[in-house]
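Summary of structural features
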Amino acid sequence: MADKSGSIEEMAQRISSIKQQANELKAMSGGIQAVDRNVDRILASVKMLEINISDLVGLVKDSK
Amino acid sequence: MTDADKYWNPILETLPQEKLKELQLRKFKRIFEWAYHNSPFYNGLYRDAGIEPGDIKVFDDIRKVPKTDKAMMRAIQGKEPYPYGSILSVPLEQVTEYRQTSGTTGQPVYHPETWQDWEWSAESWAYILYAHGFRDTDRLFIPFGYSIYIAFWAAHYAAEKVGCEVVPGGVLDTEARLLKMRELKATGMAATPTYVLGMADAARNRLGIDPAKELDVRRITVAGEPGGSIPATRKRMEDAWGAKVYDHAGATEIGHWGYECQAQCGLHINEALHLIEIEDIETGEAINEPGGRGSMVVTTFDRLAHPCIRFDSKDVIEWSPVEKCECGRTFRLLRGGVTGRADDITKVKGVLLAPAAIEEVVRAMPQLGDEYEVVVTKRGDIDSIALKVELLPESGAEIDALKEDLARDLRAKTNLRYDLEFCQYGTLPRYETKARRFKDLREKE
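Below, the structure is looked at part by part. Fair warning: this is a prediction, and the values are worked out from it, not measured in the lab.

Moving on, we get to the sheet that holds strand 13 (residues 333-341) of chain B. All names here are of chain B. Spatial strand order, 4-3-5-6-7-8-9-13-12-11-10: eleven strands in an open sheet with mixed pairing. The outermost strands of the open sheet, each flanked by one partner alone, are strand 4 (165-168) and strand 10 (274-279). Taking each pair of neighbouring strands and ignoring which way they run, the sheet shows an average axis angle of 40°. Bridge analysis of strand 7 (residues 244-251) against strand 8 (residues 255-259) gives four bridges, and the strand direction is antiparallel. From the neighbouring strand, Ala249 faces strand 8, where its bridge partner is Gly258. Along the sheet, helix 5 (residues 115-131) contacts strand 6 (219-222), strand 7, strand 8, strand 10 and strand 11 (293-300); its crossing angle with strand 8, the most-contacted strand, is approximately 15°.

In structure tokens:
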């Protein structure tokens, strides 16, 4: 598990970046539903990535 | 095979138990805080109990949190925000799906899903299907009339997520489903144990098809009833289809929390998505050691619209003494899946009876059909229990001898004597969804 801890942090950073970009896209849409609703779907998938990866940051590193 | 091929999430599914507990404590704090601040129902419950988010510091503090149950859910619903009531923890505009429980134990419970929560449901089912061996090379047939209930909807979406080609067998009748499965060379199926057996029966007796030889189904995921974890019922299904049968467990309000792996030595609890506590049925004391059997209390992490926190499911489970599964998963194992419901376990003639024990005896007798019915009545002050079974027409069995064997095995398994009735094959009710084979007609005191 220890060899995976570095990549978990890197993956978590990428996930955070996707989330930030999705939110920025929504903020600049001016309420276009075709943007906002699709961003909501992206964010739901991002949440699953957080559950699967980001929530482990710190935990797996501690097992080194 | 690499870890990425073996597990849906090789990191979470092999996390050491002490790390899993740490993760669960973090997640419990998070869902507790969410519910406290966003659900008037939970806020009131916790304020009345004098507990707030800062009070959950260590794992054992979780037991200070009041439990919830289905009766509470029923009492809340039907009010504003309509129809979910004060448990709803997101604005009503964010709800994108309506579901409800099957109502097996009474008034159905309404269940809202946001898009994110629905994504979560598919995610939890993806763990199940992947552990059962489904991959992007599979064509999964779902012979189920999708409807207002959650059943198999999440399986459908999860199968897409895993990469399977999904064939929704929704409104087709049984014969049409079987013919379509043959035509498309479906490699997998997801259904209730009752319907898996019923389809095989229909294939043989109505279409003249032997599913084990003439269909391509290699693996079957079962749900909704305990049969997948009852060895005699599983054997019947596997023999009839020539396929491996894998069990899983879940419910509308708590999500899909347990699954078998290909080692088939019990149900793994998905401890990354759920906290499962086991409590003694009579005393409510926590069961903290393998081998213990009791009632299941569930917390579902990360599902936000209708939080499920320390929900007393009434399901009876047993923590397996097998501590390490050969599949490599570290998630705790349960022996025998969900073995019954605490409110199904009833006293007959003063003896505690779990109806699943009767099924185990009936299905272990090859001369008998798959269907049976149990009726408990009271004559004066004395309980009476009757069991109806069907004799397979081709069995050639001698009824008196069979009756004697059945009575003996039932007595050994359940410590009760039954009035046995052999019915003509095909006369007992057939079920497509959850079967209701146990009928207690005694007046409640």
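Our focus in this paragraph is the packing of helix 5 of chain B against helix 6 (residues 153-162) of chain B. Angle between the axes and distance between the axes: these two values describe a pair of packed helices. Residue and element names in this part refer to chain B. With their axes 7 Å apart at the nearest point, helix 5 and helix 6 run at an angle of 70° to one another. In this view, helix 5 runs roughly perpendicular relative to helix 6, as classed from their interaxial angle. Contacts between helix 5 and helix 6 involve Trp118, Glu119, Ser121, Ala122, Glu123, Trp125, Ala126, Leu129 and Tyr130 from the first element and Trp153, Ala154, Ala155, Tyr157, Ala158, Ala159, Lys161 and Val162 from the second. Class assignment of the residues belonging to the contact of helix 5 with helix 6 gives a composition of 13 nonpolar, one polar and three charged.

Moving on, we come to the interface of chain B and chain A. Contacts between chain B and chain A engage 22 residues on the former and 20 residues on the latter. Taken together, both faces of the contact between chain B and chain A bury some 1,800 Å²; the carbon and sulfur share is 63%. The three residues of chain B that bury the most area against chain A are Ile11(B), Lys19(B) and Trp115(B), which together make up 31% of that side's buried surface. At the junction of chain B with chain A, the criterion picks out two salt bridges. A salt bridge links Lys27(B) to Asp55(A); the nearest nitrogen and oxygen atoms lie 3.4 Å apart.

Right, let's get into the nonpolar core. Judged by nonpolar contacts, the single largest core of 43 residues is most densely connected at Leu56(A), Leu12(B), Leu15(B), Trp125(B), Leu129(B), Ile142(B) and Phe152(B). Mapped onto this core, the elements with two or more residues apiece are helix 1 (5-27), helix 2 (33-52) and helix 3 (59-62) of chain A together with helix 2 (17-38), helix 5, strand 3 (139-142) and helix 6 of chain B. Ranked by the residues each element gives to this core, the list is headed by helix 5 of chain B, at nine residues. Apart from the residues within four sequence positions on either side, Phe152(B) is in contact with Ile142(B), Phe144(B), Tyr146(B), Ala190(B), Ala191(B), Thr192(B) and Ala223(B). Listed in part, the 37 residues of the second largest apolar core include Leu25(B), Trp257(B), Met296(B) and Ile309(B).

Sheets are built from strands that pair by backbone hydrogen bonding, the pairs being arranged parallel or antiparallel. All names here are of chain B. Taken in spatial order, the four strands of this open sheet run 18-17-16-19, and their pairing is mixed. Every other strand in the sheet has two partners, leaving strand 18 (419-423) and strand 19 (438-440) as the edge strands with one partner each. Direction aside, neighbouring strands of the sheet carry axes that sit 15° apart on average. Across the sheet, helix 12 (residues 399-414) touches strand 16 (368-379), strand 17 (382-391) and strand 18, and the angle it forms with strand 18 is around 135°.

This part takes up the environment of Ile53(A). In this structure, Ile53(A) sits in the loop between helix 2 and helix 3. We classify Ile53(A) as buried; its relative accessible area is 10%. Sequence spacing of Ile53(A) and Ser7(A) is 46 residues, and the spatial spacing of their C-alpha atoms is 9.7 Å. Ile53(A) has contacts with Ile8(A), Met11(A), Ala12(A), Ile15(A) and Ile11(B), leaving out every residue within four places of it along the chain.

Calculation criteria
Residues numbered from 1 in each chain as written. Chains lettered and ligands numbered in written order. Predicted model: local features only at pLDDT ≥ 70, side-chain atom pairs only at ≥ 80, totals over all residues. Heavy atoms only, no water. Pairing = 2+ DSSP bridges. Helix = DSSP H or I, 4+ residues; strand = E, 2+ residues; numbered from the N terminus. Axes fitted to C-alpha atoms, helices over the stretch in contact; angles between N-to-C directions. Contact = heavy atoms within 4.5 Å. Parallel < 35°, antiparallel > 145°, perpendicular 65-115°, else oblique. Nonpolar A, V, L, I, M, F, W, Y, C, P; charged D, E, K, R; others polar. Buried area = accessible area lost by both parts, 1.4 Å probe. Salt bridge = Lys/Arg side-chain N within 4 Å of Asp/Glu carboxyl O. Core = buried A, V, L, I, M, F, W, Y, C linked by side-chain atoms within 4.5 Å. Buried < 20%, exposed > 50% of the residue type's maximum accessible area, 1.4 Å probe, protein only.

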